[in-house]
Amino acid sequence: MVKRVILVTGTPCVGKTSVARLLAEKLNALYVNLTELAIKENLVLGRDEKRGSVIIDEKGVKRAVGKLIEDCGEQSVVVDGHYAASVVPKRFVTHVFVLRRDPVELRGFMERAGFLGNKLWENLAAEILDVCLVDALKAYGSERVCEIDVSKKSVENVVAEILEVLSGSRKCYVGIVDWLGKLEQEGLLEEFLRI
Ligand SMILES: Nc1ncnc2c1ncn2[C@@H]1O[C@H](COP(=O)(O)OP(=O)(O)O)[C@@H](O)[C@H]1O
Ligand SMILES: [Mg+2]
């Protein structure tokens, strides 16, 4: 099989790690978590308190990811992280899956994970305003980017959908969700978009 380098990106709490781990297992691929890699390689510059995430040395992580991808030869790689769009060298990347989750559901996931105040609203705004999608499109172009709406789906179902895209039996698209429009229609936009 041809080596694939698959990025799984999206807003914090959307379900990247759950999906990327299972996908890597199904594909017998190497699983790479960018935050764990940055910590392990001493490439954390600080913390972004507002978003509750770590600030990574992007150049350093890019180098480390490139090396991992090269070192594993023909084995496929699944990269998990919301920085995925900026730190995986473009020449390697074959597929980018941007996971999307209905902000109403995502808020519940974030609250369960302990997100509060700024951290909650900043990250919800990022989902509502398609930040990860735009970053992925800017970095890799629409040919390689595929959006997956994971709302109300199990991890297994999401992975099955991704496998169908990889095998060519399912077409993938970008522009499949409109959270702004949906929240507006539900009368929830002001409550959800607080920045
Ligand atoms: N499809 C899903 N259905 C239900 N719960 C999920 C699903 N995907 C993830 N979760 C749960 O949501 C939380 C965040 O998931 P995680 O994979 O860690 O997201 P991320 O890596 O994007 O931050 C975890 O508690 C996880 O078990
Ligand atoms: Mg994660």
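Residues numbered from 1 in each chain as written. Chains lettered and ligands numbered in written order. Predicted model: local features only at pLDDT ≥ 70, side-chain atom pairs only at ≥ 80, totals over all residues. Heavy atoms only, no water.

*Asks:* Could you give an account of the layout of surface pockets, with specific residues and numbers?
*Replies:* Approximately 450 Å³ is the volume found for the largest pocket. Secondary-structure elements contributing two or more residues to the lining of the largest pocket are β4 (53-56), α4 (84-87), α6 (117-128) and α7 (131-140). A class-by-class count of the residues in the lining of the largest pocket yields 11 nonpolar, 4 polar and 5 charged. Approximately 340 Å³ is the volume attributed to the second largest pocket. The wall of the second largest pocket is formed by 22 residues, among which Pro12, Lys16, Thr35, Ser53 and His82 lie closest to the centre. Of all the secondary-structure elements, those providing two or more residues to the lining of the second largest pocket are α1 (16-27), α2 (34-40), β4 and α6. Of the residues that constitute the lining of the second largest pocket, the class distribution is 8 nonpolar, 9 polar and 5 charged. (1 Å grid on protein atoms, 1.4 Å probe; cavity = no way out; pocket = protein on both sides within 12 Å on 5 of 7 lines; lining within 4 Å. Points joined across faces, edges and corners; volume = space filled by probe spheres on them. Helix = DSSP H or I, 4+ residues; strand = E, 2+ residues; numbered from the N terminus. Nonpolar A, V, L, I, M, F, W, Y, C, P; charged D, E, K, R; others polar.)

*Asks:* Outline the nonpolar core, supporting the account with residue identities and numerical values.
*Replies:* Ranked by internal contacts, the top residues of the largest apolar core, which has 32 residues, are Leu23, Val78, Phe97, Leu99, Ile148 and Ile162. Contributing elements (two or more residues each) for this core: β1 (5-9), α1, β6 (95-100), α5 (103-112), α6, β7 (145-149), α8 (155-167) and α10 (189-192). Broken down by element, this core gets its largest block of residues, 6 residues, from α1. Apart from residues no more than four positions distant in its own chain, Ile162 is found in contact with Val19, Leu23, Phe97 and Ile148. Counting 30 residues, the second-largest nonpolar core is a separate cluster that includes Ile56, Ala64, Ile69 and Val87. (Core = buried A, V, L, I, M, F, W, Y, C linked by side-chain atoms within 4.5 Å. Buried < 20%, exposed > 50% of the residue type's maximum accessible area, 1.4 Å probe, protein only. Contact = heavy atoms within 4.5 Å.)

*Asks:* Explain the side chain of Lys16 to me, using residue names and the numbers behind them.
*Replies:* If you trace the backbone, Lys16 turns up in helix α1. A polar contact of 3.1 Å, which involves the side chain of Lys16, links it to the backbone oxygen of Thr11. Aside from chain neighbours lying at most four places away, what touches Lys16 is Val8, Thr9, Gly10, Thr11, Asp80, Gly81, His82 and Leu99. (Polar contact = N/O pair within 3.5 Å; in protein donor to acceptor, adjacent residues only side chain to side chain.)

*Asks:* Outline the environment of Ser18, supporting the account with residue identities and numerical values.
*Replies:* Locating Ser18 in the fold gives a position in helix α1. Exposure remark for Ser18: the relative accessible area of 42% places this residue in the partly exposed category. It is 9.9 Å that separates the C-alpha atoms of Ser18 and Val158, two residues lying 140 residues apart in sequence.

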